[in-house]
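Each chain, letter by letter, is given below.
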Amino acid sequence: MIPVLILFGLLLGRWWRSSLVAAALGWPVLLVATDVMDAGAGLLGAAVLAVANTGAGVLLHQGARLAIRRLRAS
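If you're wondering where the values come from, they're calculated on a predicted model, not measured in any experiment.

**Student:** Kindly report on the packing of helix 2 (residues 16-33) against helix 3 (residues 42-73), identifying the contributing residues and their values.
**Tutor:** Look at helix 2 against helix 3: their axes get within 8 Å of each other, and the N-to-C directions meet at 145°. The hand of the helix 2/helix 3 crossing is right-handed. Side by side, helix 2 and helix 3 meet where Trp16, Ser19, Leu20, Ala23, Ala24, Trp27, Pro28, Leu31 and Val32 of the first sit next to Leu43, Ala46, Ala47, Ala50, Val51, Thr54, Gly55, Val58 and Gln62 of the second. Residues that form the contact of helix 2 with helix 3 fall into these classes: 14 nonpolar, four polar and no charged.

Quick look at the structure:
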């Protein structure tokens, strides 16, 4: 599941705030809807991990974007 969230962050890294909020809200909802987890305190941990993994994808996106800008400028 971690690669899914990293890919989500990588693809939507331009809109990093929205992608982090969507991961924090959407991932726990998806886990409950697919009956992977019960609604409870564990969902807070799932949301934190979703934001961390999505954040890693966002950082990859932003880093690649910065590198491309620097290459174009030189």
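**Student:** Go over the packing of helix 1 (residues 2-11) against helix 3, please, and point to the residues and values.
**Tutor:** Relative to each other, helix 1 and helix 3 sit at 45°, their axes nearing to 6 Å. The angle between the axes of helix 1 and helix 3 places the two elements in the oblique class. Here helix 1 and helix 3 pass one another in a crossing that is right-handed. Note on element contacts: helix 3 touches helix 1 through Ala50, Asn53, Thr54, Ala56, Gly57, Val58, Leu60 and His61, opposite Ile2, Leu5, Ile6, Phe8, Gly9 and Leu10. Classifying every residue of the contact of helix 1 with helix 3 gives nine nonpolar, five polar and no charged.

**Student:** Mind laying out a nonpolar patch on the surface, listing which residues take part and the relevant values?
**Tutor:** A surface patch of nonpolar side chains, about 590 Å² in accessible area, is lined by Leu7, Leu10, Leu11, Leu12, Trp15 and Leu60. A per-element tally of the nonpolar patch places helix 1 first, with three residues. Positionally, Leu10 belongs in helix 1.

**Student:** Describe in detail helix 2, supporting the description with residues and values.
**Tutor:** Its 18 residues give helix 2 an end-to-end C-alpha distance of 25 Å, which sits within 8% of 26 Å, the value for a rise of 1.5 Å per residue. Tucked inside the fold, the buried residues of helix 2 contact helix 1 and helix 3. Within two residues after helix 2, Asp35 carries a phi angle of roughly 65°, on the positive side.

**Student:** So what's going on with the side chain of Ser19? Residues and values would help.
**Tutor:** Of note, Ser19 is situated in helix 2. For Ser19, a relative accessible area of 2% translates into the label buried. If near-sequence neighbours (up to four positions away) are discounted, Ser19 is found in contact with Phe8, Leu12, Thr54 and Val58.

Cut-offs and rules
Residues numbered from 1 in each chain as written. Predicted model: local features only at pLDDT ≥ 70, side-chain atom pairs only at ≥ 80, totals over all residues. Heavy atoms only, no water. Axes fitted to C-alpha atoms, helices over the stretch in contact; angles between N-to-C directions. Helix = DSSP H or I, 4+ residues; strand = E, 2+ residues; numbered from the N terminus. Left-handed = near helix turned anticlockwise from the far one by under 90°. Contact = heavy atoms within 4.5 Å. Nonpolar A, V, L, I, M, F, W, Y, C, P; charged D, E, K, R; others polar. Parallel < 35°, antiparallel > 145°, perpendicular 65-115°, else oblique. Patch = residues over 30% accessible without salt bridge, like charges linked within 9 Å, V, L, I, M, F, W, Y side chains within 5 Å. Areas by Shrake-Rupley, 256 points an atom, 1.4 Å probe, with all protein chains shown as cover. Salt bridge = Lys/Arg side-chain N within 4 Å of Asp/Glu carboxyl O. Expected span 1.5 Å × (residues − 1). Buried < 20%, exposed > 50% of the residue type's maximum accessible area, 1.4 Å probe, protein only.

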